[in-house]
Amino acid sequence: MESWTRAELTEHYTEEIEAFRLWMSNAGYTVYTERNYMGDLYSFLRSLQGKRVQDAKKLQIVSYLSQVKAAGVSDATRNRKHCALISFYRALNEFDLAETNPALQVKKSKTEMNRAPIYLEPQELRSVVQLTDGKYRERNMAVLMLMAYGGLRVSEVHRLNLSDYRPDRGYIEVFGKGRKWRTIPLPEPVIQQLNKALQERKQPRRAGEDAIFVSQQGRRLSIRNIQLIAEQTFARFQQDMGQATTMRKRSYSCHKLRHSFATMLVRSGTDIRTVQEMLGHSSIQTTTVYTHVSDKQKEEAAQKLSMWM
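Calculation criteria
Residues numbered from 1 in each chain as written. Predicted model: local features only at pLDDT ≥ 70, side-chain atom pairs only at ≥ 80, totals over all residues. Heavy atoms only, no water. Core = buried A, V, L, I, M, F, W, Y, C linked by side-chain atoms within 4.5 Å. Buried < 20%, exposed > 50% of the residue type's maximum accessible area, 1.4 Å probe, protein only. Helix = DSSP H or I, 4+ residues; strand = E, 2+ residues; numbered from the N terminus. Contact = heavy atoms within 4.5 Å. Salt bridge = Lys/Arg side-chain N within 4 Å of Asp/Glu carboxyl O. Expected span 1.5 Å × (residues − 1).

**Considerations on the nonpolar core**
Counting 45 residues, the largest nonpolar core has L146, M147, I172, L186 and F213 as its most contacted members. Residue assignment for this core shows that the elements contributing at least two residues are α7 (122–130), α8 (137–150), α9 (154–159), β2 (171–175), α10 (188–199), α11 (223–241), α13 (254–267) and α14 (272–279). Ignoring any residue separated from it by four or fewer positions in sequence, one finds F213 in contact with R139, A142, V143, L146, V157, L160, L194, R219, R220 and L221.

Here you go:
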């Protein structure tokens, strides 16, 4: 079965694969997520060796994920493949192609669950934003600030429309995961930057294009372009930091800006339910990862012990 091509797998599992594609499209998954999940699905289908997906039990799921882990992938990748299978069987359940979801019976990797997310300190965030450069600097700064001070995902920035922005009220309506809308109030500096970006907004090529952020070609700014804006800015930031050891050991991305936003909220005393709403998490368990304690906080706690010694 390992030698089967995608075409052969598609022919063998046609109905199930198409059901999953349709389900993800209706659920509002990004193109990036759909591509990753489809790759994970094909990998799983190969492991079944021709067996019907409806006949797969917990044992097959665990066996597949164990093989994946043994191949050397990270816990995060292993967990993503697990999530792909949970979604796959949910799709089959909704389309009456399967009665159970064996992937739900399998636990996620605990290693990643206990690891605090990488984030930037407030002063580092300010430096990153100020180091934004290029012909479309005002637009790029607004993009980064919405992720750093609004907690938006890359896909959410990509989907933002002019009609989603309420400058008079100081908030934006965000269409996020699970096809759910949430309202995000914006800090005044973010509103000011977004207004600057809109004043310089390039005229879209297509009539009626409502995207807030437009590319040099006059199209909606793509997810990849947003990622490149962040990558290039982070590269300048790390160069500017010089030989700082903490920076050389870290890899920053768009999602780290969202991590930083959540961490700042928790540190400022925002209750966890509000943080959950602002991040658009469906489960509060996902949000609790941001209640981590920093090394600095632990050092301060240890220093306070001296008064009792």
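**Remarks on the environment of A197**
Mapped onto the secondary structure, A197 falls in helix α10. Residue classification places A197 among the buried residues on the basis of a relative accessible area of 6%. Sequence separation between A197 and V143 is 54 residues; the distance between their C-alpha atoms is 9.2 Å.

**Focus on the pattern of salt bridges**
Within the structure shown, the criterion is met by eleven salt bridges. We note a salt bridge from E18 to R21, for which the minimum N-O separation is 3.7 Å. With a gap of three residues between them, E18 and R21 both fall in helix α2 (residues 14–27), about one helical turn apart. Judged by relative accessible area, which is 44%, E18 ranks as partly exposed. For the salt bridge of K81 with D40, the shortest nitrogen-to-oxygen distance reads 2.9 Å. One end of the pair, K81, is in helix α5 (residues 75–94); the other, D40, is in helix α3 (residues 31–47), with 41 residues separating them in the sequence. Residue classification places K81 among the buried positions, given a relative accessible area of 12%. You can call D40 buried: its relative accessible area is 2%. Counted as one network, the salt bridges with shared partners bring together D40, R80 and K81.

**A word on α13**
With 14 residues, α13 should reach 20 Å at 1.5 Å per residue; the first-to-last C-alpha distance of 21 Å fits that figure. In terms of burial, α13 is a largely internal element, ten of the 14 residues being buried. Every buried residue belonging to α13 is among C254, K256, L257, R258, H259, S260, F261, A262, T263 and L265, and all of these are buried. Packing partners of the buried residues in α13 comprise α7, α8, α9, β3 (181–185), α11 and α14. Note on α13: the residue one or two positions beyond its end, G269, has a positive phi of about 95 degrees.

By themselves, these are just geometric observations and shouldn't be taken as functional.
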